[in-house]
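What the coordinates show
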Amino acid sequence: MCLVRAPSNLGLRPLRPGHVPGTWRAPQALTEAGLIEMLSPAKVVDLDRPTYSTKPQPGTRLRNGNAIRSFNLELAEIVASALGRGEFPLVVGGDCAILLGALAAARRSGPLALVHADGHSDFRHPGNYDINASLGSAAGMDLALATGRGEPLLTDWPGIVGPLVADKQVIQIGERENRDPDFAWPDINSTAMTLIDVFAARELGAAKVLETTRATLARTGWPYWVHFDVDTLDQTVMPAVDSPGSPGIDPDDLIVILAALVADPRCAGMDITIFDPDLDPTGELAALLVSLLGRVFARRDVSFAPPASP
């Protein structure tokens, strides 16, 4: 494993005047909670914290748009290098916009699928909101951007033709607002994506969710990336996020799903996002996440261990 610490908050909106989202502190907070001791990565790589701004930037209607592109280009080089060495990159963010750099790296080797575990489908794009009304926040757009919807600044990446991921190779797990009458992104339901909302996930259970996910992944057998936004968990379990909500996927079910996915040799890597240590003053939620990740990767460690000597 190559642990990549990506301390970005660029894709998030301020929750109040003068607020600076605290997700940039997540890599350090999880490290202090024992992440390295839990996962024993072969390599740890750090990106520098980028400068957050609430002001419009030239040539984009995305908050921190130019800075997000620069940060993701740097991240893509680090992830690509890890993949080139045969390592499994685990990118710890940060906000959801870091998914773009991770995918841009993994896509260099060919087509890619995406498992998007997130309490929100992050499908905001110019086709379903007024770009002139306010600056867009890329953390709520990462799936739309990854599938080619939005400003070229964050949809076009060096050496890659077309979107980072095709709709039919996306599995979105965990959306909790799609059954609301005022759901902001109803057009996602008209795409070719495999959608398993939180209600279906809770009804089906982990085994059936995996069965559905694997059926989509088996269409091509391509490598895939796993995106894990911690707001997939219920707000009673994980309140330290910018947009907490209920219901969420049961933690034990989520561990089963993620563990099975990262244990598969086709899994190119994983990112984890949106944890905000500013909302975890005691550090107990950071410790919970470290424990959860330890359980997720325990199976992968066994799966990829060398055979015992005769």
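If you're wondering where the values come from, they're calculated on a predicted model, not measured in any experiment. (Residues numbered from 1 in each chain as written. Predicted model: local features only at pLDDT ≥ 70, side-chain atom pairs only at ≥ 80, totals over all residues. Heavy atoms only, no water.)

Description of the overall build of the protein
- Assigned secondary structure in the protein consists of 10 helices and 8 strands.
- In summary, the protein has a C-alpha radius of gyration of 18 Å against a globular reference of 19 Å for 310 residues, a match within 12%.
- In terms of overall dimensions, the protein has a C-alpha envelope of 65 × 40 × 40 Å along the principal axes.
- The buried share of the protein, reckoned over its 310 residues, is 58%.
- Taking all contacts inside the protein whose residues are at least 6 apart in sequence as the whole, residues at least 24 apart take part in 76%.
- With an accessible surface of roughly 12500 Å², the protein has 52% of that area assigned to carbon and sulfur atoms.
- Of the charged side chains in the protein, 26 are positive and 37 negative, and the gap between their average positions amounts to 4 Å. (Helix = DSSP H or I, 4+ residues; strand = E, 2+ residues; numbered from the N terminus. Rg over C-alpha atoms; globule rule 2.2 N^0.38 Å. Buried < 20%, exposed > 50% of the residue type's maximum accessible area, 1.4 Å probe, protein only. Contact = heavy atoms within 4.5 Å. Areas by Shrake-Rupley, 256 points an atom, 1.4 Å probe, with all protein chains shown as cover. Lys, Arg positive; Asp, Glu negative; His and termini not counted. Charge placed at Lys NZ, Arg CZ, Asp CG, Glu CD.)

Some points on the layout of surface pockets
- For the largest pocket, the calculated volume is near 340 Å³.
- As for the largest pocket, its lining consists of 18 residues, and the residues nearest its centre are Arg13, Gly140, Trp185, Asp242 and Ser243.
- Taken together, the residues of the lining of the largest pocket sort by class into 6 nonpolar, 5 polar and 7 charged. (1 Å grid on protein atoms, 1.4 Å probe; cavity = no way out; pocket = protein on both sides within 12 Å on 5 of 7 lines; lining within 4 Å. Points joined across faces, edges and corners; volume = space filled by probe spheres on them. Nonpolar A, V, L, I, M, F, W, Y, C, P; charged D, E, K, R; others polar.)

Let's talk about the nonpolar core
- If you look at the biggest cluster of nonpolar residues, it comprises 54 residues, and the most contacted ones within it are Met238, Met270, Phe275 and Phe297.
- The dominant element in this core, judged by the number of residues it contributes, is helix H10 (residues 284–303), at 8 residues.
- One finds Leu75, Phe123, Leu145 and Trp225 within the second-largest nonpolar core, a separate group that totals 48 residues. (Core = buried A, V, L, I, M, F, W, Y, C linked by side-chain atoms within 4.5 Å.)

A look at the confidence of the model for the protein
- Model confidence for the protein is summarised by a mean pLDDT of 95, while 96% of its residues fall at 70 or above.
- Contacts from residues 302–310, a stretch scored under 50 in pLDDT, to residues over four places away or in other chains number 5 contacts. (pLDDT = per-residue confidence, 0-100.)

Looking at the pattern of salt bridges
- One pass over the full model with this rule turns up 10 salt bridges.
- When the shortest N-O distance is used, the salt bridge between Asp46 and Arg5 registers 2.5 Å. Within this pair, whereas Asp46 is found in strand E2 (residues 43–46), its partner Arg5 is found in strand E1 (residues 2–6), the two being separated by 41 residues in sequence.
- Note that Glu77 is salt-bridged to Arg108, the shortest N-O span being 2.6 Å. One end of the pair, Glu77, is in helix H3 (residues 65–84); the other, Arg108, is in the loop between helix H4 (98–106) and strand E4 (113–117), with 31 residues separating them in the sequence. (Salt bridge = Lys/Arg side-chain N within 4 Å of Asp/Glu carboxyl O.)

Here we look at the environment of Leu254
- Relative to the elements of secondary structure, Leu254 occurs in helix H9 (residues 251–263).
- Measuring from C-alpha to C-alpha, the distance between Leu254 and Ala117 comes to 9.1 Å, with 137 residues separating the pair along the chain.
- Excluding its chain neighbours within four sequence positions, the residues that come into contact with Leu254 are Phe228, Thr232, Leu233 and Ile249.

Some thoughts on the side chain of Asp229
- As for its placement among the helices and strands, Asp229 is situated in strand E7 (residues 224–229).
- Summary of buried charges: Asp229 has no salt-bridge partner, and the nearest side chain of opposite charge, Arg176, is 7.6 Å away.
- If we skip the residues at most four places from it in the chain, Asp229 touches Cys96, Ala117, Asp118, Thr273 and Ile274.

Some remarks on the pairing of strand E3 (residues 89–93)
- Across the 5 residues of E3, 5 count as buried, placing the element largely inside the fold.
- Side chains Pro89, Val91 and Gly93 project from E3 onto one buried face, and the interleaved Leu90 and Val92 project onto a second face that is buried too.
- Of the pairings in the sheet, the one linking E1 to E3 comprises 5 bridges and is parallel in character. The partner of Arg5 across the bridge, within E3, is Val92. (Pairing = 2+ DSSP bridges.)

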